[in-house]
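Report on the structure
Here are the chains, one letter per residue:
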Amino acid sequence: MSEQVTSNYKGPQRVFSGIQPTGNLHLGNYLGALKKFANLQDDGWDCVFCVVDLHAITMPFDQSQLANQTRQIAAAMMASGIDPQKSVLFAQSSVPAHTELAWVFDSVARMGWLEKMIQFKEKSGKDAERSSVGLFNYPVLQAADILAYKATHVPVGEDQRQHLELSRDIADRFNREYGAPDFFPLPEALTEGPGARIMSLKDGTKKMSKSDPAENSRINLIDDADTISRKIKKSKTDTLGDMPSEVAGLEGRPEVANLVGIYGALADMSDEEVLAEYGGKGFGTFKPALADLAVDHLAPITACMRELIDNPAEIDTALRSGAERASAIAEPVMEEVRQILGFWRP
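What comes next is a walk through the structure. (Residues numbered from 1 in each chain as written. Predicted model: local features only at pLDDT ≥ 70, side-chain atom pairs only at ≥ 80, totals over all residues. Heavy atoms only, no water.)

1. Notes on helix H1 (residues 27-42)
We count it as follows: Values of bend correspond, residue by residue, to the angle between axes fitted over the seven residues ending at that residue and the seven starting there. Under the DSSP-based scheme used, a helix requires at least four consecutive residues in state H or I and a strand at least two consecutive residues in state E, with every element numbered from the N terminus. Buried means the residue's accessible area, taken with a 1.4 Å probe over protein chains only, is under 20% of the maximum for its type, while exposed means over 50%, and partly exposed covers the values in between.
At Leu34, H1 shows its largest kink, close to 30°. Across the 16 residues that make up H1, a large majority, 12, are buried. By the burial criterion, the buried members of H1 are Leu27, Gly28, Asn29, Tyr30, Leu31, Ala33, Leu34, Lys35, Phe37, Ala38, Leu40 and Gln41. Phi turns positive one or two residues past the end of H1, at Gly44, with a value near 100°.

Structure below.
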């Protein structure tokens with residue numbers, strides 16, 4: 001499959017990623033995605049970032065809130081350092097190339113490939129036959145999202161690696177089946193680094209999640225300083241003693257390991273460096289220090305995000321401009337796809 005495939009693609013290097021407009025973004029989204037997006041932008045990558053509202057309708061949603069949720073995600077991205085002047089930032093549904101290319105890829109992808117997708121099985125549960133076709137087909141649209149911009153790199157967590165492999169398989173099959181060698185790149189994963197997998201503050205074995213009914217399980221980017229501090233101080237630890245002095249001491253202590261990882265990600269420190277400073281100290285010392293660090297780091301982001309949300313016209317202007325720039329990249333790609341496929345052209 002895709003692991004064996006090589007590519008001689010010679011086009012520009014480009015990053016693509018998207019975030020669904022569902023629920024409040026939280027600390028895990030920030031450290032695992034938004035902070036990394038901003039770093040990639042500032043490192044000089046050609047970046048295309050998208051609020052994937054088409055993906056959001058594959059599950060039950062409130063249509064009266066979808067546009068505002070799209071604005072909120074865009075505000076969080078902008079507040080986290082994504083500059084609409086440097087990166088392309090837009091709403092997925094505003095660029096028709098996504099859905100047109102997804103239909104082309106529906107004719108390239110194979111049912112057997114999609115039936116192996118773990119996320120569909122997890123989201124559909126025991127009643128898969130009642131799930132929407134869109135939920136089943138979600139990874140094909142995801143491939144179109146990436147390849148409409150001929151993106152070469154995608155920041156992914158473990159839960160999206162399988163979908164990225166599918167994107168590579170679809171790109172490779174299109175290139176071979178339609179006699180267009182290396183037309184599409186085979187996108188590569190930008191691997192996650194420290195802080196990319198932030199766990200629940202109530203259960204260190206589960207990812208921090210927007211859908212968790214326990215509000216104290218996550219720190220929302222919209223939370224004020226008092227709320228952030230309170231949630232961290234109330235976070236679950238264990239009864240196995242003080243902070244360990246070495247990383248090996250985190251084994252079997254998932255909640256403690258999570259808090260150490262959060263501190264390290266916020267302070268740009270390794271776990272070893274965090275434990276060198278706090279090893280042997282009690283949680284009564286460590287948690288307040290972590291709370292202060294989180295508040296100092298997140299407060300400017302929260303303030304900027306709230307200001308943007310209060311000025312939706314500013315968000316709309318950025319998204320409108322981003323849609324024009326995104327279309328300017330994707331439409332020529334689509335025109336080449338139409339020609340490759342032999343469609344009648346006006």
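There's plenty left to go through after this.
2. A few points about the nonpolar core
Selection criterion: Only buried Ala, Val, Leu, Ile, Met, Phe, Trp, Tyr and Cys residues count toward a nonpolar core, and they belong to the same one when joined by side-chain atoms within 4.5 Å.
Counting residues in each nonpolar core, the largest one holds 58 residues, and the members touching the most others are Leu34 and Met77. When residues in this core are grouped by element, the largest group, 12 residues, is from helix H12 (residues 283-309). In this structure, Val52, Phe105, Phe183 and Val337 belong to the second largest nonpolar core, which totals 44 residues.

3. Some points on the packing of helix H4 (residues 97-106) against helix H7 (residues 133-147)
Here is the rule: Inter-axis angles, ranging from 0 to 180 degrees, are taken between N-to-C directions of lines fitted to C-alpha atoms, where helices are fitted over the stretch in contact. If an angle is under 35 degrees, it is roughly parallel; if it is over 145, roughly antiparallel; if it lies from 65 to 115, roughly perpendicular; otherwise it is oblique. Definitions for this section: a left-handed crossing has its near helix turned counterclockwise from the far helix by less than a right angle. A right-handed crossing has that turn clockwise. By definition in these notes, contact holds between two residues if any of their heavy atoms fall within 4.5 Å. Three categories are distinguished: nonpolar for Ala, Val, Leu, Ile, Met, Phe, Trp, Tyr, Cys and Pro, charged for Asp, Glu, Lys and Arg, and polar for the others, with Gly belonging to the last.
Closest axis-to-axis distance for the H4/H7 pair is 8 Å, and the angle between their directions is 120°. Viewed along their axes, H4 and H7 adopt a mutual orientation that is oblique. H7 is crossed by H4, and the crossing has right-handed handedness. Counted together, His98, Leu101, Ala102, Phe105 and Asp106 of H4 and Asn137, Val140, Leu141, Ala143, Ala144, Asp145 and Leu147 of H7 form the full contact between these two elements. Along the lines of polarity and charge, the residues of the contact of H4 with H7 split into 8 nonpolar, 2 polar and 2 charged.

4. Some points on the pairing of strand E2 (residues 46-51)
Cut-off, in case you're wondering: Two strands make a pair as long as DSSP finds a minimum of two bridges between them. Looking down the strands as they point away from the viewer, one classifies a crossover as right-handed if the path from the first strand across the helix to the second runs clockwise.
Within E2, 5 of the 6 residues are buried, leaving the element largely enclosed by the surrounding structure. With 6 bridges connecting them, strand E1 (residues 14-19) and E2 associate as parallel partners. Directly across from Phe16, in E2, lies its bridge partner Val48. Since E1 and E2 lie parallel, the crossover through H1 that links them has a hand, and here it is right-handed.

5. Description of the environment of Pro185
One can find Pro185 in the loop between helix H8 (161-177) and strand E5 (188-190). Residues Pro185 and Leu40 lie 145 residues apart in sequence; the distance between their C-alpha atoms is 19 Å. Setting aside its immediate chain neighbours within four residues, Pro185 contacts Ser7, Tyr9, Leu147, Lys150, Ala151, Thr152 and Ala171.

6. A closer look at H7
As a reminder of what qualifies: Expected span, for any helix, means 1.5 Å times one less than how many residues it has.
Over its 15 residues, H7 runs 21 Å from end to end, which matches the ideal 21 Å to within 8%, given 1.5 Å per residue. Largest kink in H7: about 45°, centred on Pro139. With respect to burial, H7 is a largely interior element, 13 of its 15 residues being buried.

7. Digging into the pattern of salt bridges
Note the threshold: The term salt bridge refers to a side-chain nitrogen of Lys or Arg lying within 4 Å of a carboxyl oxygen of Asp or Glu.
Under the criterion given, the structure shown has 14 salt bridges. In this structure, the salt-bridge partner of Lys231 is Asp223, at a minimum N-O distance of 2.8 Å. Of the two residues, Lys231 and Asp223, both sit in the buried class. A cluster of three or more residues bridged by salt bridges with shared partners is formed by Glu100, Glu331, Glu335, Arg338 and Arg345.

8. Digging into the packing of aromatic side chains
Applied cut-off: Pairing of aromatic rings covers Phe, Tyr and Trp, the last counted by its six-membered ring, and requires centre-to-centre distances within 6.5 Å; plane angles under 30 degrees mean stacked, over 60 mean edge-to-face, and any other angle means tilted. Here, over-ring charges are defined by two tests on the NZ atom of lysine or the CZ atom of arginine: distance to the ring centre within 6 Å, and angle to the ring normal within 35 degrees.
As enumerated under the stated definition, the model contains 12 aromatic pairs in all. One aromatic cluster in this structure is built from Phe105, Phe174, Tyr178, Phe183 and Phe184. One residue, Lys150, lies across the ring of Phe183, its end atom 3.7 Å from the ring centre.

9. What about the environment of Val156?
Examined against the element boundaries, Val156 turns out to sit in the loop between strand E4 (153-155) and H8. In this structure the C-alpha to C-alpha distance between Val156 and Glu188, which are 32 residues apart in sequence, comes to 9.5 Å.

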